[in-house]
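# Close look at the chain arrangement
The residues making up each chain are set out below.
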Amino acid sequence: MTPADAAALLTLCAAFDRRTIGEADARAWAYALRDVPLDDDTRDAVADHYGRTEEWITPAHVRKIRARIRADRIGAAHPVYDGNPGETGAEFAERRRAQIAAAADGTLPARSIGQALDAAPPGEVLALVAGIGRPVDDEPAPYITPERRAEVRAPLNGKRAALVELAVDCPNEQCRAGRRHLCKGSRGAELRTGVHASRRDAYATAYATCPECDAGPGQQCTTPEPHPARIRAALAPAPDAEADEDEQQSLARLMSTPPQPRTARARHTTGGLRA
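Anyway, here's the lowdown on the structure attached to this text. (Residues numbered from 1 in each chain as written. Predicted model: local features only at pLDDT ≥ 70, side-chain atom pairs only at ≥ 80, totals over all residues. Heavy atoms only, no water.)

## Some remarks on the overall build of the protein chain
- The helix and strand tally for the protein chain stands at eleven helices and zero strands.
- Seen in sequence order, the protein chain has helices and strands lined up from the N terminus as α-α-α-α-α-α-α-α-α-α-α.
- When contacts within the protein chain are restricted to residue pairs at least 6 apart in sequence, long-range pairs at least 24 apart make up 54% of them.
- Per element, the accessible surface of the protein chain, about 19700 Å² overall, is 54% carbon and sulfur. (Helix = DSSP H or I, 4+ residues; strand = E, 2+ residues; numbered from the N terminus. Contact = heavy atoms within 4.5 Å. Areas by Shrake-Rupley, 256 points an atom, 1.4 Å probe, with all protein chains shown as cover.)

What follows is the structure, encoded as structure tokens:
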């Protein structure tokens, strides 16, 4: 860097810190940065410094930040030199330095390590990978459309006074409530009047027999999700045998009791009293 270059660099610094510049300043900076050229990286070092701190900039700051800028470019470019079997050590060193300088200057673009090594999996590996899995378009269609599922589930009784679904763990990824623990919503609040649909399905699978596919308790239905009839069967209110028995006994007692005889009542007339 010449004194003229240093003066131009100090003018840029003065735009940020309002310093005064003299000939002695320019000569001092030129000597401190005698091996650093005045280029875009040097100017970027000044702008980067004052974009991060209010500290007065010095030649040491310029040198350090400029070196970091160029090192970042080298790291992003991943320069790889394959070498030449016929070249001498001096030729190798010269070409390697030229490659690293090109990366630091930005003429060697950023690339991944795989691109730098020009590495690609062998053809037999690519053939094996192509045979794994299947395209998403080949996924089997659901047995019921989401619209129909929502229509069927809408009238289902998703809550009961006893919340019998608490007998199983909630499989909902955001909830994972254990047995006898209430489900929790997205904000962590407990759901005191209902449970997640996946927990309701899990309860139906664990405790109810499916009327459609005859899957017993603990067995999956023939479809990915429990049939709606199985859910209805699991959540149907259990009959109150004791109440039914009391009602039958009351009815039998009423039917077996003979009617009471009617008693004669005195009739009143407008003409007075009748003995």
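## Overview of the packing of helix α9 (residues 197–207) against helix α10 (residues 228–235)
- Interaxial distance between α9 and α10 falls to 9 Å at its minimum, and their mutual angle equals 80 degrees. The angle between α9 and α10 places the two elements in the roughly perpendicular class. Contact residues: Arg200, Asp201, Tyr203, Ala204 and Thr205 in α9; Arg230, Ile231, Ala234 and Leu235 in α10.
- Of the residues contributing to the contact of α9 with α10, the split by class is five nonpolar, one polar and three charged. (Axes fitted to C-alpha atoms, helices over the stretch in contact; angles between N-to-C directions. Parallel < 35°, antiparallel > 145°, perpendicular 65-115°, else oblique. Nonpolar A, V, L, I, M, F, W, Y, C, P; charged D, E, K, R; others polar.)

## What to know about the packing of aromatic side chains
- Per the counting criterion, the structure on display carries three aromatic pairs.
- Here phenylalanine 16 and tyrosine 50 contribute two aromatic rings whose centre-to-centre distance is 5.1 Å and whose plane-to-plane angle is 10 degrees, an arrangement assigned as stacked. Pair noted here: phenylalanine 16 is in helix α1 (residues 3–17) and tyrosine 50 is in helix α3 (residues 40–50), with a separation of 34 residues, a long-range link. (Phe/Tyr/Trp six-rings, centres within 6.5 Å; stacked < 30°, edge-to-face > 60°.)

## Side note on unusual backbone geometry
- Look at arginine 18: it is not a glycine, yet its phi comes out positive at around 60 degrees.
- A relative accessible area of 77% means that arginine 18 is categorised as exposed.
- Backbone geometry places arginine 180, a non-glycine residue, at a positive phi of 65 degrees.
- Summarising the element assignment, arginine 180 is placed in the loop between α8 (146–153) and α9. (Buried < 20%, exposed > 50% of the residue type's maximum accessible area, 1.4 Å probe, protein only.)

## Notes on α1
- Its 15 residues place the ends of α1 20 Å apart at the C-alpha level, agreeing with the 21 Å of an ideal helix rising 1.5 Å per residue.
- Contact partners of the buried residues in α1: α2 (23–32) and α3. (Expected span 1.5 Å × (residues − 1).)

## With respect to the nonpolar core
- If you look at the biggest cluster of nonpolar residues, it comprises 16 residues, and the most contacted ones within it are Leu9, Trp29, Leu33, Val46, Ile57 and Val62.
- For this core, the secondary-structure elements that each account for two or more residues are α1, α2, α3 and α4 (59–77).
- Sorting elements by how many residues they give to this core places α1 first, with four residues.
- In contact with leucine 9, other than residues within four places in its own chain, are Met1, Trp29, Leu33, Leu38, Thr42 and Val46. (Core = buried A, V, L, I, M, F, W, Y, C linked by side-chain atoms within 4.5 Å.)

## What about the pattern of salt bridges?
- Counted under the stated rule, the structure contains 13 salt bridges.
- As a salt-bridge pair, aspartate 39 and arginine 66 come within 2.7 Å of each other at their nearest N and O atoms. Linking aspartate 39 in the loop between α2 and α3 with arginine 66 in helix α4, this pair joins segments that are 27 residues apart in sequence.
- Among the residues examined, aspartate 39 registers a relative accessible area of 22% and is labelled partly exposed.
- Overall, the relative accessible area of 12% leaves arginine 66 in the buried class.
- Between glutamate 173 and arginine 176 there is a salt bridge, with the nearest N and O atoms lying 2.9 Å from each other.
- For glutamate 173, a relative accessible area of 60% translates into the label exposed.
- By sharing partners, the salt bridges in this structure join Asp41, Arg70, Arg73 and Asp105 into a single network. (Salt bridge = Lys/Arg side-chain N within 4 Å of Asp/Glu carboxyl O.)

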